[in-house]
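Spelled out from the first residue to the last, the chains are:
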Amino acid sequence: MTKKDRNAFTEEAQAIVRKMTLEEKVTLMSGDVSLMQMMAAKKTGSHYNQKPYSAGGNERFHVPPLKFCDGPRGAVCGLRETTCFPVSMMRGATFDVKLEKEIGRAIGREIRAMDGNLFGGVCINLPYNPGWGRSQETYGEDSFAIGSMGSALVRGVQSESVIACLKHFAFNSMENNRFRIDIDCSKRTEREIFLPHFKDCIDTGAASVMCAYNLYHGIHCGHSAYLLKEVLKEEWGFDGFVISDFFWGIQNTVSAAEAGMDVEMCDTKYYGPKLIEAVRNGQVSEKFVDDAAVRIIRTLNAFEHQYQNSGNQYGKEMLGCREHVRLSLKAAQEGMTLIKNKNHTLPLSKKGKKIAVLGKLASRANTGDHGSSRVYPKYVVTALEGIVKEAPDSQIIFYDGNDIGHMKSLAEESDAVVFVVGLDYRDEGEYIPGSKFNNYIATKGGDRSELGLHPYDVEMLNTIGPLNKKSIAVLIGGSTITVTEWEKNISAILMAFYPGQEGGTAIVQAIFGSINPSGKLPFVLPKDESDLPQVNWNASSQHYGYYHGYHLLEKKKIKPYRPYGYGLSYTSFEMKDAFFAADKRFIKASVSVRNTGRTEGTEVVQVYAGFKNSKLDRPVKTLCGFQRVNLKPGAEKQVKITCPLEKIKYYNPEKSKFELEHMKYEIYIGSSGDNKDLIKGILDLSE
Amino acid sequence: MKENTRNSSYESIQHLTNTSAKVMITCIRSSAYHWHYDYEVLAVLKGGIEVLQGNEKQLLSAGDLVVFNSKSVHSVRSSDTENICLLIQFSPKMLEPVPVGMTYHFFLNSAGKTYMPKLPYSYFLEIAAKIGLAHRSEHAYGRLEEKAWLYMFMAEIMQNAQYELRSSSPENEENAKLAVAISKYIDENIISEQLPAEIYKGFGMSEKSVYRLLKDTVGLTLKEMIDAARIEKACTMLQDPSIPAPIISGECGFSGEVTFYRRFRHAMGITPGEYRKGFEGNLTNGEIQDYLSFNDQEVDMLLRHWAGLKV
């Protein structure tokens, strides 16, 4: 479903709007679910968004209401029904756009089966600092990768006639103070770092956008005519509608309406009667209402038409069905990222071994945050259940206590020790402060002020790790977890993220080698968190600089613990015969990849462009293409990657447009963001 | 722990519909190596007993408490004829939900003291004694109290004692069954002096595989197991003053009286004669009793004492 498909419905929408009363038009723009209703539903035992939240609709003209289902790790609606996928960050580590599209399709089908029509789970914010509590909901730190993966999700969801809603527009990369934080950045940072992935998804055809809570340059994003009207609707030609983030996304009727905010979600406080009154007394021109109404009707009718014409009638049989669970497992398998494997510690042999499993997280159903992205699947396979199932001939002993002596004996008498360590919803996620009002005793989620493990996990790894040569740390978490304080004492480290409902299966398959890890870090893993841009999570204002993540470390010549795009395999690959070229629109890169090991495996080939010759302040290099390639032992394939020239342009604030620097670019192709893993070439784009 | 456990090493434990577990207050004489699916809590209220788990022998005296895990092979025998013990058996099902394919293995043994619990042992004993008291209660609420304290006990061991979750591979279970079968064979054929050879042949196993099996499950060598069984049988027979010592020596498979005396004294610290003497005072009607008589009032007093209530 593209913009072009939807344009066919413009005239019909305009005709309807002409016949509608002001009340009818404003009703389309106003959410139906009040905070009181939501809290009341919670008290009766329902969870957030158990049923789609509806807004608008018009019976007289047969306009369906918008029915919102949250995400992104699946459809939030339902209880023990829908499929829980790995968090987006793990899907980001797969670098598999085809799979992400398939996941989008599965989520789309499940939303239709839940009677929803809008997926509020295309979260594509860029974590300026990975301590952002909701980093797990996005695809990594690189704008190009976020844009590619987000676009794939949009394509998948919308191909099943469900509206994909991008969020949170824009600069929403801090959680604790999200309602108040005022973000500032330069024009180039805005255009080159924080907005391109939104534009990519709009270009793909995303039909809805949710505003952010935070302020940008002193203005609430939901009131920002610059962001919503000027950039999104005019410059990018967005034809869909903008919805507010729930309850606090709009704080003033006139500011929001004039800025191009189309729907107040998910209740009605500032729209509804207040908007009608504002139009009647001339504070808001009716043309804003008409524009919003046309956008809403056009979009909903187009998607409804597509669904009716598809012949599909998805019912409960779709929810958590075998095919969707298989996709969830596949994403977890592809996203498992092996970041250390000293002396081939992994894979472990399954045969007759005694394996000690340590760490409280091993037996927890830990799929990530417990805020608005929480999905409620039928079951979750824990790491412990996975290991018992996968290695029936081994003796598995799990200890989750704190007695170091007990752990020591287990480590000494076992053939291998698997530590499952990391984070859960208490450590990161949507910020829910404890209060009487919401009946939460303890604060949940929020930003992480430190990027390492809990001190008790660090102590365990440092004390017990050296006692067994086969010591394996499985890291659970939504983004960067620094490992420097303990990694020397551990032989193998597997980053497992929050791997979804089949996560335990995938973790253990990777440990025993039934799958070959192929995930790549979608962020740089620094030695020290102070290498990253510093953020005060509780500040009232924050400046986002031009550099973050691997861009920053490379610029400052700081060697990370692991570079962006890094991930080991149980086999080895050789790349040669790199070829680079460019025409007026595309950069073309190709390389021959050969599996030189004994195991089938998948490599993620990455292309970076370098800006050494730039006269401007630009990154050392930036990602501009990637592709997965699966190879049997000994097999060889040529991988071709193309990238629009747009992606290496810079934003000229004086001319308010992207421009190409005419110079020689370094161009790299290889297996990680580290130059030693890349073949370098030169691309001459001088005039 | 009835005498007949000597013949059927696997105790099948029937749960009555109105109780959640089996509770017994008894004097323990002896039981051969056995195991059961149920967890077993053993609290010594008075006197002493000897517990054999693996190759560890522990002496438990009044105030001691031990939890035998589901399917763990163990044996218990009296070290003091005056002992009174509280036994509580509960099904692994009562601990559910348990991760698929795993079982809880608790570490709670006030005489062994590996992996100390977070709270003093007396705390667990108090709850166990309250289960016993509720079990003996004549009031209608007694049944509810019994269940309540039982659940409390399970919650407390999970929260405040150490445990491991262990995978129960089918192989482990088969091995435990085989070990118990060997133990049973030993008991039934204790008269034979050629037991090891008969066992290798009868079970179709090599000496090496029997050794490995028993080390893994019971923690003893075959010889140690046979010796223990001979001594145990001798203890039982010695309690009947009508059986002459040379008969006992032969029935128990000792190669001669001298060996019998030496081995018995080595194992028990006293001679067979001294052991026999110790029993005579307790006998009524000249009959062997598995449960020595004890009076109900004393039991209530003991339970109240260990429950920390006014006696």
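Residues numbered from 1 in each chain as written. Chains lettered and ligands numbered in written order. Predicted model: local features only at pLDDT ≥ 70, side-chain atom pairs only at ≥ 80, totals over all residues.

## Notes on the overall build of chain A
Tallying secondary structure elements over chain A gives 19 helices and 27 strands in all. In terms of overall size, chain A behaves like a compact globule, its C-alpha atoms giving a radius of gyration of 25 Å where 687 residues would be expected to give roughly 26 Å. Structurally, chain A occupies a C-alpha span of about 80 × 70 × 50 Å along its principal axes. Within chain A, the fraction of its 687 residues that count as buried is 59%. A sequence separation of at least 24 residues applies to 78% of the contacts in chain A between residues at least 6 apart. (Helix = DSSP H or I, 4+ residues; strand = E, 2+ residues; numbered from the N terminus. Rg over C-alpha atoms; globule rule 2.2 N^0.38 Å. Buried ≥ 20, exposed ≤ 12 C-beta atoms within 10 Å, placed from the backbone. Contact = placed C-beta atoms within 7 Å.)

## A word on the overall build of chain B
A tally of helices and strands in chain B yields ten helices and ten strands. Nonlocal contacts in chain B, meaning residues at least 24 apart in sequence, comprise 74% of its contacts between residues at least 6 apart.

## Some details on helix α8 (residues 187–194) of chain A
The set of residues buried in α8 of chain A consists of Thr189, Glu190, Arg191, Ile193 and Phe194 of chain A. Of the surrounding elements, those touching the buried residues of α8 of chain A are α7 (143–159) and β24 (650–652) of chain A.

## Points about the pairing of strand β19 (residues 573–582) of chain A
In this sheet, strand β20 (residues 586–595) of chain A lies alongside β19 of chain A in antiparallel orientation, the contact comprising eight bridges. Its bridge partner being in β20 of chain A, Phe580 of chain A is matched across the sheet by Ala589 of chain A. (Pairing = 2+ DSSP bridges.)

## Topic: the pairing of strand β3 (residues 39–46) of chain B
Residue and element names in this part refer to chain B. Burial analysis of β3 places eight of its eight residues in the buried class, which makes it a mostly covered element. Pairing of β3 with strand β6 (residues 65–68), which is carried by four bridges, proceeds in the antiparallel orientation. Paired with Glu40 across the two strands is Phe68, which belongs to β6.

## Overview of the interface of chain B and chain A
When the parts of a complex come together, some accessible area is lost, and that lost area is often used as the size of the interface. Counting residues at the interface gives eleven residues for chain B, matched by 16 residues for chain A. Of the residues contributing to the side of chain B that touches chain A, the split by class is five nonpolar, four polar and two charged. As paired strands, strand β12 (residues 395–399) of chain A and strand β10 (residues 162–167) of chain B are joined by two bridges and run antiparallel to one another. For Phe398 of chain A, the partnering residue across the bridge sits in β10 of chain B and is Leu165 of chain B. (Nonpolar A, V, L, I, M, F, W, Y, C, P; charged D, E, K, R; others polar.)

## Points about the environment of Leu220 of chain B
Residue and element names in this part refer to chain B. Tracing the sequence through the fold places Leu220 in the loop between α5 (207–217) and α6 (222–238). Taking the number of C-beta atoms within 10 Å as the measure of exposure, Leu220 has 23 and is therefore buried. For the pair formed by Leu220 and Pro272, sequence separation is 52 residues and the distance between their alpha carbons is 24 Å.

## A closer look at the domain arrangement of chain A
Taken domain by domain, chain A comprises domain 1 (3–318), domain 2 (331–537) and domain 3 (571–684). Here domain 2 of chain A and domain 3 of chain A have C-alpha centroids that lie 32 Å from each other. (Domains from an automatic or database assignment.)

## Things to note about the nonpolar core
If you look at the biggest cluster of nonpolar residues, it comprises 212 residues, and the most contacted ones within it are Val357 and Val474 of chain A. At ten residues, the largest contribution of residues to this core is made by helix α13 (residues 286–310) of chain A. Each residue touching Val357 of chain A, except ones within four places of it in the same chain, is listed here: Ala362, Leu384, Ile387, Ile396, Ile397, Phe398, Val418 and Val420 of chain A. Of all hydrophobic cores here, the second largest spans 78 residues; its members include Trp35, Leu195, Ala234 and Cys235 of chain B. (Core = buried A, V, L, I, M, F, W, Y, C linked by C-beta atoms within 7 Å.)

## Some details on helix α16 (residues 404–413) of chain A
All names here are of chain A. Of all the positions in α16, only Met407, Leu410 and Ala411 are classed as buried. Seen from one end, α16 has its buried residues packed into an arc of 100°, which puts them on one side. Facing away from the buried side of α16 by over 90 degrees, the exposed positions are Gly405, Glu412 and Glu413. In this structure, the buried residues of α16 make contact with β11 (354–358), β12, β13 (416–422) and α17 (455–464). (Arc of directions from axis to C-beta.)

## Observations concerning unusual backbone geometry
Residues and elements named next belong to chain A. In the segment running from Gly71 into Pro72, the intervening peptide bond is cis, with an omega of 10°. Mapped onto the elements of the fold, Pro72 is located in the loop between β2 (66–70) and α5 (88–94). Between Met265 and the following residue, Cys266, the backbone shows a cis peptide bond with an omega angle of -15°. Within the secondary structure, Cys266 sits in the loop between α11 (253–259) and α12 (273–280). Of note, the phi angle at Asp577 is positive, near 55°, even though the residue is not glycine. On the neighbour-count criterion, Asp577 (10 C-beta atoms within 10 Å) is exposed. One non-glycine residue with positive phi stands out, namely Ser656, at about 50°. Structurally, Ser656 can be placed in the loop between β24 and β25 (657–659). Its 10 C-beta neighbours within 10 Å are what place Ser656 among the exposed residues.

## A closer look at the sheet that holds strand β10 (residues 337–341) of chain A
Sheet architecture is open: eight strands sit in the order β10(A)-β17(A)-β16(A)-β13(A)-β11(A)-β12(A)-β10(B)-β9(B), paired in mixed fashion. Two strands bound the open sheet, and with one partner strand each, they are β10 of chain A together with β9 (102–107) of chain B. For this sheet, the mean angle separating the axes of adjacent strands, direction not counted, is 20°. Relative to strand β17 (residues 492–495) of chain A, strand β16 (residues 471–476) of chain A is paired through four bridges, and the arrangement is parallel. Across the sheet, the residue bridging to Val474 of chain A is Leu494 of chain A, located in β17 of chain A. (Axes fitted to C-alpha atoms, helices over the stretch in contact; angles between N-to-C directions.)

## Things to note about the packing of helix α14 (residues 322–335) of chain A against helix α18 (residues 503–512) of chain A
A pair of packed helices is characterised by two quantities: the angle between their axes and the separation of those axes. All names here are of chain A. Closest axis-to-axis distance for the α14/α18 pair is 9 Å, and the angle between their directions is 40°. Relative to α18, the element α14 lies oblique. At the point where α14 passes α18, the crossing takes the right-handed sense. Contact residues: Leu329, Ala332 and Gln333 in α14; Gly503, Thr505, Ala506 and Gln509 in α18. By residue class, the composition of the contact of α14 with α18 is three nonpolar, four polar and no charged. (Parallel < 35°, antiparallel > 145°, perpendicular 65-115°, else oblique. Left-handed = near helix turned anticlockwise from the far one by under 90°.)

## Considering the sheet that holds β20 of chain A
All names here are of chain A. One open sheet holds the three strands; their spatial order is β19-β20-β23, and the pairing between them is antiparallel. Each edge of the open sheet carries a strand with a single partner, namely β19 and β23 (636–644). Looking at each pair of strands side by side, their axes are set apart by 20° on average, direction ignored.

## Some words on the packing of α7 of chain A against helix α9 (residues 196–204) of chain A
Residue and element names in this part refer to chain A. It is the contact of α7 with α9, at a shortest axis distance of 8 Å, that shows an interaxial angle of 25°. Judged by the angle between their axes, α7 and α9 are roughly parallel. Relative to α9, α7 is oriented so that their crossing is right-handed. For the pair α7 and α9, the contacting residues are Ser143, Ile146, Gly147, Gly150, Ser151, Val154 and Arg155 in the first and Pro196, His197, Asp200, Cys201 and Thr204 in the second. Looking at the contact of α7 with α9 residue by residue, the classes come out as four nonpolar, six polar and two charged.

## Overview of the confidence of the model for chain B
Residues and elements named next belong to chain B. This prediction gives chain B a mean pLDDT of 82; 86% of its residues lie at or above 70. The low-confidence segment residues 1–19 (pLDDT under 50) makes 34 contacts with residues lying over four places distant or belonging to another chain. Every residue in residues 282–292 scores below 50 in pLDDT, and together they form eleven contacts with partners more than four places removed in sequence or on other chains. Both scores are given for the predicted complex: the pTM is 0.90, the ipTM 0.85. (pLDDT = per-residue confidence, 0-100.)

## Quick notes on the environment of Gly601 of chain A
All names here are of chain A. Topologically, Gly601 is positioned in strand β21 (residues 601–610). Residue classification places Gly601 among the buried residues on the basis of 21 C-beta atoms within 10 Å. Sequence separation between Gly601 and Tyr570 is 31 residues; the distance between their C-alpha atoms is 7.4 Å. If we skip the residues at most four places from it in the chain, Gly601 touches Asn516, Ser518, Ser569, Tyr570, Thr571, Asn595 and Leu631.

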